[in-house]
Amino acid sequence: MATAPHPTRDDFAALLDEQLGSADDGGFEGRVVKGTVTAIENGMALVDVGLKSEGRISLREFMRGEDDHGLTVGSEVEVYVDRVENADGEAMLSRDRARREAAWDKLESEFGEGKRVEGRIFGRVKGGFTVDLDGAVAFLPGSQVDIRPVRDVTPLMDMPQPFQILKMDRRRGNIVVSRRAVLEETRAEQRSELIDKLSEGQVIDGVVKNITDYGAFVDLGGIDGLLHVTDMSYKRVNHPSEVVNIGDTATVQIIRINADTQRISLGMKQLESDPWEGVAAKYPVGMKVSGQVTNITEYGAFVELEPGIEGLVHVSEMSWTKKNVHPGKIVSTSQEVEVVVLEVDADKRRISLGLKQAQRNPWEEFAEKHPIGSTVKGEVKNATEFGLFIGLDGDVDGMVHMSDIAWGISGEDALALHRKGEEVEAVVLDVDVEKERISLGMKQLEKGAPAAAGSSDTLKRGSTVTVTVLEVRDGGLEVQVGDDGATGFIKRSDLGRDRDEQRPDRFQTGQKIDAMVTGFDRSKKPNFSVKARQIAEEKQAVAQYGSSDSGASLGDILGEALKQQD
């Protein structure tokens with residue numbers, strides 16, 4: 001059987017020309033090709049890649065260790081053809097460049113598949129570090145070194161470790177890598193493995209790593225859980241540091257695991273007995289108990305009845321008499337107070353308490369001490385357009401309506417007689433405990449008041465009485481029945497039938513007049529009229545002594561009536 005002829009050097013050159021193009025047209029330049037070491041001399045390796053001349057490469061580019069380049073004559077190596085010929089007619093070859101090109105090919109493939117790559121941090125540059133990826137140089141930003149900021153990177157230098165390629169551009173020769181992405185991915189894998197081993201309701205020990213205003217983070221062995229301040233204890237906790245400290249070993253219960261966010265909620269109070277069990281039977285409505293004020297808000301104060309059990313005293317239930325006052329002006333934090341249970345809602349863990357209910361109702365107490373008709377003293381606290389408010393015993397107020405201030409003058413004038421801060425006397429007219437109202441009267445204490453004179457018995461509408469002129473005014477006369485009877489008023493038009501008789505100036509102070517009671521105003525003050533008395537007397541005389549129609553004149557009739565009276 002005939003053997004195939006051995007290929008000649010010309011055949012080999014033709015094959016290369018077919019694959020890469022001829023040497024003359026520069027087809028070798030910029031490519032990685034295989035070559036053979038033909039000689040080693042003077043620290044250089046002569047490599048034949050099938051060109052017209054061999055190329056020289058420094059042995060340092062082949063070094064795998066100190067004084068170990070691993071080359072012998074006949075060794076096959078991959079080199080990068082920088083130029084086909086230099087000025088001396090030699091090929092310009094590079095082993096380092098070939099290694100970098102091979103590294104780029106590998107990195108592009110791994111980047112496309114999302115694989116991690118191995119490299120070494122070997123230098124520091126502005127904004128980060130340089131990483132050797134088996135011949136290719138990449139940039140590691142400072143923010144991508146670790147999950148948390150690293151002050152000293154020295155322990156990480158020149159140490160083989162995995163990286164994740166974030167971005168690469170071969171044309172520009174740029175590669176950006178991240179060590180942090182690898183750590184986060186590894187951490188997420190570890191967290192997933194740990195979460196799979198945990199279950200809700202499980203009791204586990206952990207170490208307190210960090211404390212915030214809203215809780216503490218507990219390390220459960222590679223994964224953190226949040227122990228919220230509201231789950232630390234059944235009693236009020238103002239700050240987590242009151243219960244735990246950093247470095248403490250805490251026994252906690254896993255309350256909830258969120259598989260999507262990998263967040264774990266922890267609790268400590270769940271390991272204690274719930275003080276709210278049976279709270280409705282322990283604190284029945286109406287029970288008076290003692291407690292300590294733990295917190296004060298704008299809407300009330302929280303009172304601790306026992307560790308873990310707090311009730312709210314709403315601002316409306318704090319005082320009988322102090323209205324629209326901030327709770328902080330009635331109670332203070334840590335103060336011991338007596339309260340009454342108003343409502344218990346065990347499901348919502350709420351207890352409504354009353355502070356004022358633990359004290360006697362001041363209106364009930366006032367009604368017992370000061371029955372209707374009794375006299376009280378007090379200071380004018382406020383004057384309004386309809387009356388006076390008087391401060392009374394028990395920190396309650398009573399009101400004197402303007403119509404009950406004084407006899408004989410209008411309510412507006414009576415209000416003008418009194419000022420804030422003045423001490424006055426008054427009579428208790430009515431006490432409404434339910435509406436928290438006390439009605440007082442001042443005019444009832446005046447000498448000659450209708451009540452004192454028995455006006456309901458002695459003064460009747462239509463009766464004629466003798467009155468004394470107290471004061472002459474333009475509008476009429478101020479008069480009084482007897483020496484200490486009721487005072488009243490005769491209007492100008494009621495001073496007589498004729499116009500000449502209706503002049504007030506024809507009367508004098510102290511003069512006695514007969515007048516008829518024509519009625520009473522809203523304050524039971526009588527109204528008098530001379531004119532009405534005259535008309536009544538005339539009608540009576542006509543009825544008794546004849547009519548003017550019978551021929552008798554009015555003067556004759558009245559004269560006869562007067563003669564009969566005499």
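Residues numbered from 1 in each chain as written. Predicted model: local features only at pLDDT ≥ 70, side-chain atom pairs only at ≥ 80, totals over all residues. Heavy atoms only, no water.

Participant: Is there a simple way to think about the overall build of the protein chain in this case?
Facilitator: When helices and strands are counted, the protein chain shows ten helices and 30 strands. Scored against the burial criterion, the 566 residues of the protein chain give a buried share of 38%. Counting only carbon and sulfur atoms, one obtains 46% of the accessible surface of the protein chain, whose full area is about 33,100 Å². (Helix = DSSP H or I, 4+ residues; strand = E, 2+ residues; numbered from the N terminus. Buried < 20%, exposed > 50% of the residue type's maximum accessible area, 1.4 Å probe, protein only. Areas by Shrake-Rupley, 256 points an atom, 1.4 Å probe, with all protein chains shown as cover.)

Participant: Would you take a moment to explain the sheet that holds strand 20 (residues 350-354) for this structure?
Facilitator: Strand pairing in a sheet takes place through backbone hydrogen bonds and is either antiparallel or parallel in direction. Overall, mixed pairing links the five strands, which are arranged 16-17-18-20-19 in a closed barrel. This sheet shows a mean twist of 50° between the axes of neighbouring strands, independent of strand direction. By the bridge criterion, five bridges tie strand 16 (residues 288-297) to strand 17 (residues 300-306) in an arrangement that is antiparallel. Pairing of Ile296 across the sheet is with Ala301, part of strand 17. (Pairing = 2+ DSSP bridges. Axes fitted to C-alpha atoms, helices over the stretch in contact; angles between N-to-C directions.)

Participant: So what exactly am I meant to see when it comes to the sheet that holds strand 25 (residues 437-441) here?
Facilitator: Overall, mixed pairing links the five strands, which are arranged 21-22-23-25-24 in a closed barrel. For this sheet, the mean angle separating the axes of adjacent strands, direction not counted, is 55°. Where strand 21 (residues 375-383) and strand 24 (residues 423-432) come together, five bridges link them in antiparallel fashion. In the strand pairing of strand 24, Gly378 is matched with Val424. Contacting strand 21, strand 22 (387-392), strand 23 (396-401), strand 24 and strand 25, helix 5 (residues 362-369) runs over the sheet at an angle of about 105° to strand 24. (Contact = heavy atoms within 4.5 Å.)

Participant: Please clarify how the pairing of strand 15 (residues 263-267) should be interpreted in this entry.
Facilitator: Consecutive side chains of a regular strand alternate in pointing toward one face of the sheet and then the other. Sheet topology places strand 13 (residues 224-228) next to strand 15; two bridges connect them, and they run parallel. Bridge pairing in strand 15 places Leu226 opposite Ser265. Bridge analysis of strand 14 (residues 249-258) against strand 15 gives five bridges, and the strand direction is antiparallel. Considered in strand 15, the bridge of Ile254 is made with Leu266.

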